[in-house]
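Here is how the chains run, residue by residue.
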Amino acid sequence: MDFKYDVIVIGAGHAGCEAAAAAAQMGSKTCLITMDMNKIGQMSCNPAVGGIAKGQIVREIDALGGHMGLVTDSTAIQFRILNRSKGPAMWSPRAQCDRAKFIWAWRTVLENQPNLNIWQDTVTELLVKDGQVVGLKTLEGAEFSCKCVVLTTGTFLNGLMHIGRVTMPGGRISEPASYLLTESITRHGIRTGRMKTGTPVRIDSRSVHFEEMERQDGENDFHRFSFMGQERHLKQMCCWTTYTNERVHEVLRSGLKDSPLFNGQIKSIGPRYCPSIETKLVTFPDRDQHQLFLEPEGENTNEMYLNGFSSSMPMDIQIKALKEIPAFRDLVIYRPGYAIEYDYFDPTQLKHTLESKVVTGLFMAGQVNGTTGYEEAGGQGILAGINAHISCHGGQPFTLARDEAYIGVLVDDLITKGVDEPYRMFTSRAEYRILLRQDDADLRLTERSYNIGLATKERYELMRTKRDEINRIIDFARNFSVKPALINAALEQLGTTPLREGCKLADLIERPQLTLENLSSHIKALKIELEKTEPTRKDEIIEAAEILMKYSGYISRERLIADKMKRLEDIRIKGRFDYSTLQSLSTECRQKLIKHDPETLAEASRIPGVSPSDINVLLVLLNR
């Protein structure tokens, strides 16, 4: 074997899979190193993809030419669009997946990817010469040389698991931790810290009284994760909801003295937005119940995941508490929940490309950057893989702005603000979320990806066809006149105010009660126009056109705001100031600017502790 590569990716989780696939697809000779080839793309926690804001990230990964959306669609056992009661900027796709099939779908993708090899081993040392990555060594004695490394080790670096007062080393239950690698990285001046996450009990469905729970079915319309439109072919299954009660809480309180979170055993910080059940009890002492979701792990298994009951309490306390819920009175579990502590690296030491500012050729993605979630990891992974390839072969760095993608918001937040808890994406983190909807990720990103050689021509042509079809429908609606005499009876029937004078069809579409579909039943010309749409993507195209018309005012206003901020993005300040000498800046601002050394004025404006008045001072100094 030849152990020389352009790009080596360490870790085959969601970040590693996307990074390796992207680098290889673009033409880099790539190697993916994983401790266990049977756990590629493992869903360590919930066997689900997407959710609030996370679903938008998966659509962006797909639009760029990544694989998470395709793999999810091929292994989905339930699909839903969340937040339907809100505007389309908030709509978020989510799918429950078959955990085992998800792994093998990813492995099939990677094993059949040209330019990509897989090596099963544990990396123990990063090799650096004159500040540049040159290779790595493994536990089994292999030595690899490479131009770039993408580090995506998840929770495995010095991982330590907790179940009550019982602790055990490991990166995941029944899997060994990775040692020595953290130390080989920090010796080059890269700062590290510790974080904590957790996962719930796994339940045997044969022991559950489903008649005591509320059924939650999925949806089966045209929506998919991938813009390539692959059908969901697995059996579609339901989820179930139930609630804790005061008896459950009493049992859990009795075990708090043995909880690693409260007895001093765990010292690192866990995710605020996905708290353990014991944290919920302490944080919300007045709540007499908490909602739980029981979700299937696959179409051919009895194993189920109890969402909302993440815990590191002693095993007997977890079981005893759950048995106080009527549906779980005869409970049998496969294993208890546990917490895990692991190493991460301060992401403010990264560039927007996710390359280290300290060691050239070292890229980092996923939980090693202080994030949590498969989707956040995948988004970082594809960006790191793209830029690792570019670093090897030349070209302009590939970055995403905050008004281009949720992935851009994620990366910018990490490198400008850092993390003091595991970072999770929300729609509220994106100031331009009306521009970053899940329906138009392909229109935003596919052409950019195609131009750098990642997105395929097939994907690009599908996007162009969709864009042309959307524009055709919008042009028709903006130019077609509607007369009151011909439409008023229909408008009253549809629950909206009749017209006093004629208007364009696009003006009618802005009304919340009206859609292209329900108006087509009353306007023959519109029906004919919609029937011209390519049938396999008709619903997707009509929905996208309708959103652009209904929210055109909001979209235009947000675009103006984003363009105004972009002017600050064009003002480069790196290397132009000695911040320690600028007494006109606040002390905190000087300290933060010295620490982060931002590339642009816009990046500086997003650093906590840098005020608008500080930015104005820098503008004045630049003009001088």
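Going by the structure above, here's the rest.
An account of the accompanying structure is given in this report. Please read these numbers as outputs of a predicted model, since none were measured by experiment.

The residue G13 is located in the loop between strand 1 (4-10) and helix 1 (14-25) in this model. In the structure, G13 is positioned 179 residues away from T192 in sequence and 20 Å away in space, judged by C-alpha atoms.

With that settled, consider the packing of helix 1 against helix 9 (residues 374-393). At a minimum axis separation of 7 Å, helix 1 and helix 9 run at an interaxial angle of 30°. Classified by the angle their axes make, helix 1 and helix 9 are roughly parallel. By crossing handedness, the relation of helix 1 to helix 9 is classed as right-handed. Side by side, helix 1 and helix 9 meet where H14, A15, E18, A19, A22 and A23 of the first sit next to Y374, A377, G378, G381, I382, G385, I386 and H389 of the second.

Now for the side chain of S268. Mapped onto the fold, S268 is located in the loop between helix 6 (246-254) and helix 7 (277-283). On the basis of relative accessible area, S268 is assigned to the buried category, the value being 13%. Here E341 takes part through its side chain, which lies 2.6 Å from a polar atom of the side chain of S268. For S268, the contacting residues outside a window of four places in its chain are R194, M195, K196 and E341.

Another point: empty space enclosed by the protein. Per the stated rule, a full pass over the model turns up 3 cavities of 30 Å³ or more. Approximately 60 Å³ is the volume found for the largest cavity. If you go around the largest cavity, the residues you meet are A401, R402, D403, Y432, A562, M565, K566, E569 and R606. Of the residues that constitute the lining of the largest cavity, the class distribution is 4 nonpolar, no polar and 5 charged.

A word on the sheet that holds strand 4 (residues 76-82). Taken in spatial order, the 3 strands line up as 3-5-4 in an open sheet, and their pairing is antiparallel. Edge strands, defined here as strands with exactly one partner in the open sheet, are strand 3 (48-50) and strand 4. Averaged over all neighbouring strand pairs, the angle between strand axes comes to 15°, with direction disregarded. Note that strand 3 and strand 5 (residues 92-97) share 3 bridges and pair antiparallel. Residue pairing across strands places A48 opposite Q96, the latter belonging to strand 5.

Scoring rules and cut-offs
- Residues numbered from 1 in each chain as written.
- Predicted model: local features only at pLDDT ≥ 70, side-chain atom pairs only at ≥ 80, totals over all residues.
- Heavy atoms only, no water.
- Helix = DSSP H or I, 4+ residues; strand = E, 2+ residues; numbered from the N terminus.
- Axes fitted to C-alpha atoms, helices over the stretch in contact; angles between N-to-C directions.
- Parallel < 35°, antiparallel > 145°, perpendicular 65-115°, else oblique.
- Left-handed = near helix turned anticlockwise from the far one by under 90°.
- Contact = heavy atoms within 4.5 Å.
- Buried < 20%, exposed > 50% of the residue type's maximum accessible area, 1.4 Å probe, protein only.
- Polar contact = N/O pair within 3.5 Å; in protein donor to acceptor, adjacent residues only side chain to side chain.
- 1 Å grid on protein atoms, 1.4 Å probe; cavity = no way out; pocket = protein on both sides within 12 Å on 5 of 7 lines; lining within 4 Å.
- Points joined across faces, edges and corners; volume = space filled by probe spheres on them.
- Nonpolar A, V, L, I, M, F, W, Y, C, P; charged D, E, K, R; others polar.
- Pairing = 2+ DSSP bridges.

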